[in-house]
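Structural overview for review
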Amino acid sequence: MAAKKAAIIAMFATLVVAGVVAATVIIVQKKNKDSNNINPSQKAIVDLCQNTYYQQTCINSLSKATISSDTKDLIRTSFRTAMEELGNVIKQSATLQEASKNPETAEAYRTCQKLLNDSILDLQKTLERTESVDISNLNLLIDDIKTWLTGALTYQETCLDCFEDAEGDAAEKMMEFMKLGKELTINGLALANGFSDLLLPNDHGAGRRLLADSNKMGLINKADYIGEHWLNYATRTRRLLYAAPGDIKPHVTVAKDGSGNFMTIGEALKSVPLSCNDTYIIYIKAGVYQENIIVGTSMWSVMFIGDGPNATKITGNKSKVGGTETFWTATVGVDGDNFIAKDIGFENSAGASMHQAVALRASGDKSIFFNCQIDGYQDTVFAHNHRQFFRDCTISGTIDFIFGNARAVFQNCTLLVRKPLENQKACLVTAEGRTTINETSAIVLQNCRILPAPEYPVNDPTYKTYLGRPWKPYSRTVIMDSHLDSLVDPEGWAPWNVTSAHLDTCWYAELNNKGPGADLSRRVAWPGIKKITVNEADDFTPGQFMVGDSWIAGKGIPYDSGLILPLL
């Protein structure tokens, strides 16, 4: 009986197993059949979107916009879709601006319209740059694309910053309006990390490796990857920067005494030809010019040359407390690409009690500031966006006086910490604003000096100075080969508004600094505080970090491409 029961059980088990196997085969066959039924476009879209953060957003947007299965077409379509979405947000914000009864909220909407238009322009640049892919130009192409996608995202984030103090639900509305456009831009930046694989055929892999290796060793001929036009432009600019003011033949001259073509810088800017790559020189004679000026987005390759950083000064006094959105408080705002300023001063004289008051806002790509004096209190230099190089400049301030989300290197600069308000007590040199891990931005201080201004109470222990604080989640700052004076607090870095926000995700590093404030033994021990090697620090030198040899070298200004010894 027992044997018969065992036989029955065995037979039943066999049937169950056979049924499971049969069902599995049927399911697999169905899946394979379904997979075979997926059209090539949908398969290509799903494969591409696996590389993004917002995969469903990626799949949905591309599925609605195209039937192509070509990877390059899909990437370009994703940029077009983001541009269209931001265009829709601009229309919505214009409507809300008109409806808003609160002046500050209406101003925020107006500012957003400008910023989102600039974001679209960065996406347009990216789209145009991907029309043709030249393997001999690959490193520069990818650097440009990452820069502009980071730029597009930065403009969007700056738009949202405008609503920090907005009344009612304006901030929530704007975040909801911008959600899709922001996700599409973040996806584009994620795709940019694999562009060399996504945009080129597989058989170019060896070529990519050779290109990367040769570029790192400096073996690529500049004429091959920069182009004849750039070399001619660099040669012309080099002569201009080496020349004394009296030897320069400017296009126009600004003089307060009436001896030039114009008496104000604003009037002189109206003479700049738009969308022209040729350097346009505006010589600004000694004097104090009380005006707020903007070098517009279409004003390319403008050069300001003064009679000296303390002789030619542009000054304004707009401030957040005074009723102006921080973005518009800048005495000088630079939106045009390839801007250069030499031997000139920028100042916001609003004072410490007026809080955010920008002296210089740099948003244009590949901006250079040489031998400039930049003075303010809170938010002195808004290193807002794209690639920027500051050399031999003196910058003064109190709180976050170098801030923004640019890929900015400050080389051989003097940073003077001024006395803050009595109720502030703590000064902060930097506040970097990277919001996602793939953004290319960082503030880099190389061979700089952090010193007290004459009025700073160095002997009063209640006043403290920190190297920086994490403004945004992935804030990134590197300080190397610099002199840190005794006013720098032993902890080095401060949290954002006494909270634990961003302490795990920020990225702060110091290497080879000197001076009484450079001792690392008592630094804060956040997860975001990094110990880096010399090789890792080299990645943040201007030659590596922003491919500076392609646009800074040859300009006739002192420039160290790689690691340097501190000049103390």
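Thresholds, definitions, all that
- Residues numbered from 1 in each chain as written.
- Predicted model: local features only at pLDDT ≥ 70, side-chain atom pairs only at ≥ 80, totals over all residues.
- Heavy atoms only, no water.
- UniProt positions renumbered as here; feature names shortened; annotations may be inferred.
- Helix = DSSP H or I, 4+ residues; strand = E, 2+ residues; numbered from the N terminus.
- Buried < 20%, exposed > 50% of the residue type's maximum accessible area, 1.4 Å probe, protein only.
- Contact = heavy atoms within 4.5 Å.
- Areas by Shrake-Rupley, 256 points an atom, 1.4 Å probe, with all protein chains shown as cover.
- Expected span 1.5 Å × (residues − 1).
- Polar contact = N/O pair within 3.5 Å; in protein donor to acceptor, adjacent residues only side chain to side chain.
- Pairing = 2+ DSSP bridges.
- Axes fitted to C-alpha atoms, helices over the stretch in contact; angles between N-to-C directions.
- Parallel < 35°, antiparallel > 145°, perpendicular 65-115°, else oblique.
- Nonpolar A, V, L, I, M, F, W, Y, C, P; charged D, E, K, R; others polar.
- Disulfide = S-S within 2.5 Å.
- 1 Å grid on protein atoms, 1.4 Å probe; cavity = no way out; pocket = protein on both sides within 12 Å on 5 of 7 lines; lining within 4 Å.
- Points joined across faces, edges and corners; volume = space filled by probe spheres on them.
- Salt bridge = Lys/Arg side-chain N within 4 Å of Asp/Glu carboxyl O.
- Core = buried A, V, L, I, M, F, W, Y, C linked by side-chain atoms within 4.5 Å.
- Domains from an automatic or database assignment.
- Phe/Tyr/Trp six-rings, centres within 6.5 Å; stacked < 30°, edge-to-face > 60°.
- Lys NZ or Arg CZ within 6 Å of the ring centre and 35° of its normal.

Within an unreviewed UniProt entry, the label attached to the protein reads Pectinesterase, and the organism entered is Sesamum indicum. UniProt annotates the protein under Subcellular location (unreviewed entry) with the comment "Secreted, Cell wall". What UniProt states about the protein under its Pathway (unreviewed entry) heading is, verbatim, "Glycan metabolism; pectin degradation; 2-dehydro-3-deoxy-D-gluconate from pectin: step 1/5."

**Comments concerning the overall build of the protein**
The helix and strand inventory of the protein stands at 14 helices and 26 strands. When burial is assessed residue by residue, the protein has 55% of its 568 residues classed as buried. The contacts of the protein with a sequence gap of at least 6 include a subset with a gap of at least 24, amounting to 70%. Summing over all exposed atoms, the protein offers an accessible surface of approximately 24600 Å²; the carbon and sulfur share of this is 54%.

**Digging into helix α4 (residues 71-99)**
In a regular helix each residue adds 1.5 Å, so 29 residues correspond to 42 Å; α4 covers 43 Å between its end C-alpha atoms and thus fits that length. Among the residues of α4, the N-terminal cap falls to aspartate 70, whose side-chain oxygen and the backbone nitrogen of lysine 72 are separated by 3.2 Å.

**Describing the UniProt feature "active site" (unreviewed entry) in the protein**
As annotated in UniProt, the feature "active site" (unreviewed entry) corresponds to Asp400 in the numbering used here. Checked against the element boundaries, aspartate 400 lands in strand β16 (residues 399-404). With a relative accessible area of 4%, aspartate 400 lands in the buried category.

**Points about the sheet that holds strand β24 (residues 483-484)**
The strand order across the open sheet formed by 8 strands is β3-β6-β9-β12-β15-β18-β21-β24, and the pairing between neighbours is parallel. Two strands close off the open sheet at either side, each with one partner strand: β3 (287-290) and β24. As judged from the 4 bridges shared by strand β6 (residues 312-316) and strand β9 (residues 345-348), these two strands associate in the parallel manner. Along β9, the bridge assignment pairs lysine 313 with glycine 345.

**Regarding the packing of helix α3 (residues 55-65) against helix α7 (residues 170-192)**
Relative orientation and spacing of two packed helices are given, respectively, by the angle between their axes and the distance between those axes. The geometry of α3 relative to α7 is characterised by a closest axis approach of 10 Å and an angle of 100 degrees between their N-to-C directions. Accordingly, the angle class assigned to the pair α3 and α7 is roughly perpendicular. Residues Thr57, Cys58 and Ser61 of α3 lie in contact with α7, whose contacting residues are Leu180, Glu183, Leu184 and Asn187. Among the residues forming the contact of α3 with α7, the class breakdown is 3 nonpolar, 3 polar and 1 charged.

**A look at the state of the cysteines**
Think of a disulfide as a covalent bridge from one cysteine sulfur atom to another cysteine sulfur atom. Within this structure, the stated rule accounts for 2 disulfides. The disulfide that involves cysteine 49 links it to cysteine 58, with 2.0 Å between the sulfurs. Around the S-S axis, the bridge from cysteine 49 to cysteine 58 shows a dihedral of about -70 degrees and counts as left-handed. Here cysteine 49 and cysteine 58 have matching classes, each one buried. Of all cysteine sulfurs in the structure, the one in cysteine 372 sits closest to cysteine 393, which takes part in no disulfide; the separation is 4.6 Å.

**So, empty space enclosed by the protein**
Taken as a whole, this structure holds 3 cavities of 30 Å³ or more when the rule is applied. Considering only enclosed or pocket space, the largest cavity measures out at about 60 Å³ in volume. Residue lining of the largest cavity: Thr154, Glu157, Thr158, Asp161, Phe382, His384, Gly404, Asn405, Gly433, Trp471 and Lys472, and that is the complete set. Ranked by the residues each element gives to the lining of the largest cavity, the list is headed by helix α6 (residues 138-161), at 4 residues. Of the residues belonging to the lining of the largest cavity, the class tally is 2 nonpolar, 6 polar and 3 charged.

**Some remarks on the pattern of salt bridges**
One pass over the full model with this rule turns up 28 salt bridges. Of the charged contacts in the structure, one is a salt bridge between glutamate 325 and lysine 320, with a shortest N-O distance of 3.4 Å. You can call lysine 320 partly exposed: its relative accessible area is 24%. One salt bridge in this structure joins lysine 419 and glutamate 422, with 3.6 Å as the shortest N-O distance.

**Concerning unusual backbone geometry**
The phi dihedral of asparagine 371 falls on the positive side, at around 55 degrees, and the residue is not glycine. Residue asparagine 371 is classed as partly exposed on the basis of its relative accessible area of 26%. In this structure, valine 547 is a non-glycine residue whose phi angle is positive, near 45 degrees. Mapped onto the secondary structure, valine 547 falls in the segment after α14 (542-545).

**Notes on the nonpolar core**
Within the largest apolar cluster, 61 residues are counted, with the highest numbers of intra-cluster contacts made by Ile282, Phe304, Phe346, Phe369, Phe410 and Ile450. Counting the residues that make up this core, at least three belong to each of domain 2 (227-397) and domain 3 (416-567). What phenylalanine 410 contacts, discounting residues up to four positions off in sequence, is Val381, Phe390, Ile395, Ile402, Ile443, Val444, Leu445, Gln446 and Cys448. Core analysis: the second largest hydrophobic core is formed by 55 residues, Leu149, Phe163, Ala330 and Val358 among them.

**Things to note about the packing of aromatic side chains**
All told, the structure shown has 14 aromatic pairs when counted by the stated rule. With 5.0 Å between their ring centres and 65 degrees between their planes, tyrosine 109 and phenylalanine 163 make a pair best called edge-to-face. Of this pair, tyrosine 109 sits in helix α5 (residues 103-129) while phenylalanine 163 sits in the loop between α6 and α7, and the two are 54 residues apart along the sequence. The buried category is assigned to tyrosine 109, whose relative accessible area is 3%. According to the relative accessible area criterion, phenylalanine 163 is buried, its value standing at 2%. Considering the side-chain rings of phenylalanine 369 and phenylalanine 390, the 4.7 Å spacing of their centres and the 15 degrees angle between planes classify their relative orientation as stacked. One end of the pair, phenylalanine 369, is in strand β11 (residues 367-370); the other, phenylalanine 390, is in strand β14 (residues 387-391), and 21 residues separate them in sequence. Judged by its relative accessible area of 0%, phenylalanine 390 is buried. A connected cluster of aromatic rings, assembled from ring pairs, spans Phe304, Phe339, Phe346, Phe369, Phe390 and Phe410. Note that arginine 407 overlies the ring of phenylalanine 545, its terminal NZ or CZ placed 5.8 Å from the centroid.

**Concerning the environment of methionine 178**
Within the secondary structure, methionine 178 sits in helix α7. Measuring from C-alpha to C-alpha, the distance between methionine 178 and leucine 86 comes to 7.2 Å, with 92 residues separating the pair along the chain. When residues no more than four places from it in sequence are discounted, the contact partners of methionine 178 are Val89, Leu116, Gln156, Cys159 and Leu160.

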